[in-house]
Amino acid sequence: MDVKRDQFFREATLRICSSLNIETALGNAFTYLREHFPLDDLYLDILDPSLGAIRRIAHVVAEDSEAQEEIVPLPEGLWSWIRKKRAPYIVRNEDPKNYISAVAPLIKLRGNSDLVLPLLIEEELIGLLVLRARGEGRYNSGHVALLATVSEPFAIALANALSYQAVVKYRDTLIDDNRFLKRELLSQAGDEIVGGNSGLRNVMNMVRQVAPLNNTVLLLGETGTGKELIANAIHFTSPRKEGPFIKVNCGAIPEHLIDSELFGHEKGAFTGAVSEKRGRFERADGGTIFLDEIGELPPQAQVRLLRVLQSREIERVGGIRPITLDIRVIAATHRNLEVMISENRFREDLWFRLNVFPIFLPPLRQRKEDIPTLCRHFIAQKCRELGIATPPDIAPGALDRLLHYNWPGNIREMENLVEREIIRHREGQLLFDALSTAGVGDTPAPQIKEEGLQLPLRLDEAMSAHILGVLKMTRGKIYGAGGAAELLDINPNTLRGRMGKLGIKASRKK
Ligand SMILES: Nc1ncnc2c1ncn2[C@@H]1O[C@H](COP(=O)(O)OP(=O)(O)O)[C@@H](O)[C@H]1O
Ligand SMILES: [Mg+2]
């Protein structure tokens, strides 16, 4: 390469690689190419085999010319002729076998000169760079030779632009999906908090105070009192509501996996770490992490969590650099952490960090005024879920039973009770008579007994029997193709929920 070509190569390469936005890069290249070629318009096309067409992905057009078609379909003959070209060529109206003249009007060939540079990656033609000048016969073999020097950088720039566009497209779809799913989750959660003006008035006042801030919140209260619901409410009324809300059930992760689950790991950090993985903390960046059942966190993990809360940095397992995070922490537990501290089962320094703004959710038996509203709320909700158009009435005296019960399982227990009651008495009235007889209120899991089969089954027994039958057919498989959920045509998570309520254990047979 002589000096002039060498410099041309360098300068042209710099221009076409000057921006990830291919339109900008092509604009920069245009200005430079103009110093060496007759040039009014510059196009970057890709060959789209699925369309049998040329698709224009970027162009720089001299002011006085018309905008071009974005997609130019090609006749079969021309298509294969173009695909055989490996070196730059001048397009002549009359050659070859009139292929070009077939599309000449489309690509506005007459009265213009076109110089085409095929762009190849690993021998494969991916696109074309087209230089155009007004007037015929403007390009010569000198131009062809000069342009040939930059075929590689232009091809690479085109390939990069295409993958960049694809990545951006995927990213946008993912962001969009994520928003959609979050809204879905939110509307599924029902978002309604019953009792915000009565039994939960204090709680809701505290939620309003704390939501706009960034501090750690500790939610205390018995199981089923609504800790998770409140954690959701804090996140979705906070300035972080567009960010992720990541839930971790600290009691549900096997101890040896807690570190990698929470903090992620690098590829090869331990046997089985085949690829790198972001932990839940990293996923919550820009949003809120909800550490549920924090009292179940093993001692080792408590130490590491303390460090994260102090530094707002995490380290992946096997990682070398700490990663700084912007996270709000909400923790919850039904345990008495002070007692756990005195028994050396929970670290006092961690408790100090968590206990900045404790919110206590009173048990249902201490806010009986909410019971009637909650009951109606769940009747309406369950009927919606079960597809029952006219909700059954509450039998006279039944509310009294609810008011005199002491609700060890709190609101979750009431939710489950209402659902069972609706399934039993959907045509009649809701009696809640199981409460007075069973005392503690927990109806045992339905069992189909031999003699029970002669009597008409209660609806929940029938449902239970049906689900068990289907599970037998699928050998315990719930999710996916051929799973019980698919056979029953309901959402797998709904099925799991229903199984839980009916006391059916999930067990997968090999
Ligand atoms: N105040 C409330 N209003 C309506 N539903 C509630 C309320 N409190 C709890 N629930 C419902 O009761 C169930 C249990 O609540 P959850 O937040 O999971 O309790 P916890 O985390 O304290 O065990 C959930 O289905 C939740 O939507
Ligand atoms: Mg919970």
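Residues numbered from 1 in each chain as written. Chains lettered and ligands numbered in written order. Predicted model: local features only at pLDDT ≥ 70, side-chain atom pairs only at ≥ 80, totals over all residues. Heavy atoms only, no water.

**Let's talk about the site of ligand 1**
1) Next: Contacts to ligand 1 come from 18 residues, most closely from Val194, Gly224, Lys227, Arg412 and Glu415.
2) Next: Gly226 places a main-chain nitrogen or oxygen 3.1 Å from an oxygen atom of ligand 1.
3) Next: Protein coverage of the free-state accessible area of ligand 1, which is 560 Å², stands at 88%.
4) Next: Looking at the shell around ligand 1, the elements that each hand over two or more residues are α8 (227–236), α14 (371–386) and α16 (410–424).
5) Next: A per-class count over the shell around ligand 1 returns 7 nonpolar, 5 polar and 6 charged. (Near = heavy atom within 4 Å. Polar contact = N/O pair within 3.5 Å; in protein donor to acceptor, adjacent residues only side chain to side chain. Areas by Shrake-Rupley, 256 points an atom, 1.4 Å probe, with all protein chains shown as cover. Helix = DSSP H or I, 4+ residues; strand = E, 2+ residues; numbered from the N terminus. Nonpolar A, V, L, I, M, F, W, Y, C, P; charged D, E, K, R; others polar.)

**Some remarks on empty space enclosed by the protein**
1) Next: Scanning the model with the defined rule gives 3 cavities of 30 Å³ or more in all.
2) Next: Forming the boundary of the second largest cavity are Phe281, Val308, Leu309, Arg312, Leu325, Ile327 and Val329.
3) Next: Grouping the amino acids of the lining of the second largest cavity by side-chain chemistry returns 6 nonpolar, no polar and 1 charged. (1 Å grid on protein atoms, 1.4 Å probe; cavity = no way out; pocket = protein on both sides within 12 Å on 5 of 7 lines; lining within 4 Å. Points joined across faces, edges and corners; volume = space filled by probe spheres on them.)

**Looking at the packing of aromatic side chains**
1) Next: Scanning all chains against the criterion turns up 8 aromatic pairs.
2) Next: One aromatic cluster is present, built from ring pairs that chain together Phe8, Tyr32 and Phe37.
3) Next: Residue placement shows Lys85 over the ring face of Tyr89; its charged tip is 4.9 Å from the ring centre. (Phe/Tyr/Trp six-rings, centres within 6.5 Å; stacked < 30°, edge-to-face > 60°. Lys NZ or Arg CZ within 6 Å of the ring centre and 35° of its normal.)

**Quick notes on the side chain of Thr474**
1) Next: In this fold, Thr474 is placed in the loop between α18 (459–473) and α19 (484–488).
2) Next: Its relative accessible area of 10% is what places Thr474 among the buried residues.
3) Next: Those residues in contact with Thr474 that sit more than four places away from it in its chain are Gly482, Gly483, Ala484 and Leu487. (Buried < 20%, exposed > 50% of the residue type's maximum accessible area, 1.4 Å probe, protein only. Contact = heavy atoms within 4.5 Å.)

**Some remarks on helix α2 (residues 22–33)**
1) Next: Compared with an ideal rise of 1.5 Å per residue, which puts 12 residues at 16 Å, α2 spans 16 Å between its outermost C-alpha atoms and is within 8% of the ideal.
2) Next: Along α2, the positions that sit buried rather than exposed are Ile22, Ala25, Leu26, Ala29, Phe30, Tyr32 and Leu33. Along α2, the residues classed as buried sweep out an arc of 165° about the axis, all on the same side.
3) Next: Here α2 starts with a cap whose side-chain oxygen sits 2.9 Å from the backbone nitrogen of Glu23, and that cap is Asn21. (Expected span 1.5 Å × (residues − 1). Arc of directions from axis to C-beta.)

**Quick word on the sheet that holds strand β12 (residues 328–333)**
1) Next: Pairing is parallel across the open sheet formed by 5 strands, whose spatial order is β8-β9-β12-β7-β13. Each edge of the sheet is formed by a strand with only one pairing partner; in this case those strands are β8 (245–249) and β13 (358–360). Taken pair by pair, the neighbouring strands of this sheet meet at an average axis angle of 20°, ignoring direction.
2) Next: One ladder, built from 4 bridges, connects strand β7 (residues 217–220) with β12; its direction is parallel. Paired with Leu219 across the strands is Ala332, a residue of β12. (Pairing = 2+ DSSP bridges. Axes fitted to C-alpha atoms, helices over the stretch in contact; angles between N-to-C directions.)

**Brief notes about the packing of α14 against α16**
1) Next: Following both chains from N to C, one finds α14 and α16 inclined at 50°, their axes separated by 9 Å at the closest point. Considering their axes alone, α14 and α16 lie oblique with respect to each other. Like other packed secondary-structure pairs, α14 and α16 cross with a definite hand, here right-handed. When α14 is examined against α16, the residues Ile371, Leu374, Cys375, Phe378, Ile379, Gln381, Lys382, Cys383 and Leu386 are found in contact with a partner set consisting of Ile411, Met414, Glu415, Val418, Glu419, Ile422 and Ile423.
2) Next: Here the residues of the contact of α14 with α16 sort into 12 nonpolar, 1 polar and 3 charged. (Parallel < 35°, antiparallel > 145°, perpendicular 65-115°, else oblique. Left-handed = near helix turned anticlockwise from the far one by under 90°.)

**Some details on the nonpolar core**
1) Next: Counting residues in each nonpolar core, the largest one holds 36 residues, and the members touching the most others are Phe37, Leu42, Leu44, Leu119, Leu129, Leu131 and Phe154.
2) Next: Ranked by the residues each element gives to this core, the list is headed by α2, at 7 residues.
3) Next: With sequence-adjacent residues up to four places away left out, Leu42 is seen in contact with Leu26, Phe30, Leu33, Ala58, His59, Val60, Leu129, Val130 and Leu131.
4) Next: Listed in part, the 31 residues of the second largest apolar core include Val248, Phe281, Leu309 and Leu337. (Core = buried A, V, L, I, M, F, W, Y, C linked by side-chain atoms within 4.5 Å.)

**Let's talk about the packing of helix α1 (residues 3–16) against α2**
1) Next: Here α1 crosses α2 at 150°, and the two axes come no closer than 7 Å. In terms of orientation, α1 and α2 fall into the roughly antiparallel class. Here Gln7, Phe8, Glu11, Ala12, Arg15 and Ile16 of α1 lie close against α2, whose contacting residues are Ala25, Leu26, Asn28, Ala29, Tyr32 and Leu33.
2) Next: The residue makeup of the contact of α1 with α2, split by class, is 8 nonpolar, 2 polar and 2 charged.

**A closer look at the pairing of strand β9 (residues 288–292)**
1) Next: Counting buried positions along β9 yields 5 of 5 residues, so the element is predominantly enclosed.
2) Next: Along β9, one buried face is formed by Thr288, Phe290 and Asp292 and the opposite face, lined by Ile289 and Leu291, is buried too.
3) Next: Across 5 bridges, the pairing between β8 and β9 is parallel. Opposite Lys247, over in β9, you have Phe290 as the bridge partner.
4) Next: Bridge analysis of β9 against β12 gives 4 bridges, and the strand direction is parallel. The partner of Thr288 across the bridge, within β12, is Arg328.

**Structural notes on unusual backbone geometry**
1) Next: Residue Glu293 is not a glycine yet carries a positive backbone phi of 50°.
2) Next: Inspection of the secondary structure assignment puts Glu293 in the loop between β9 and α11 (299–311).
3) Next: When its relative accessible area of 15% is taken as the criterion, Glu293 is described as buried.
4) Next: The backbone phi angle of Asn344 is positive, close to 60°, even though this residue is not glycine.

**A word on the pairing of strand β1 (residues 41–48)**
1) Next: Across the 8 residues that make up β1, a large majority, 8, are buried.
2) Next: Here β1 shows a buried face lined by Asp41, Tyr43, Asp45 and Leu47 and a second buried face lined by Leu42, Leu44, Ile46 and Asp48.
3) Next: In terms of strand pairing, β1 meets strand β2 (residues 53–61) through 8 bridges, oriented antiparallel. Residue pairing in the sheet places Leu44 in a bridge with Ala58 of β2.
4) Next: A loop of 4 residues connects β1 with β2, the two strands running antiparallel in sequence, and Gly52 in this loop sits at a positive phi of about 60°.

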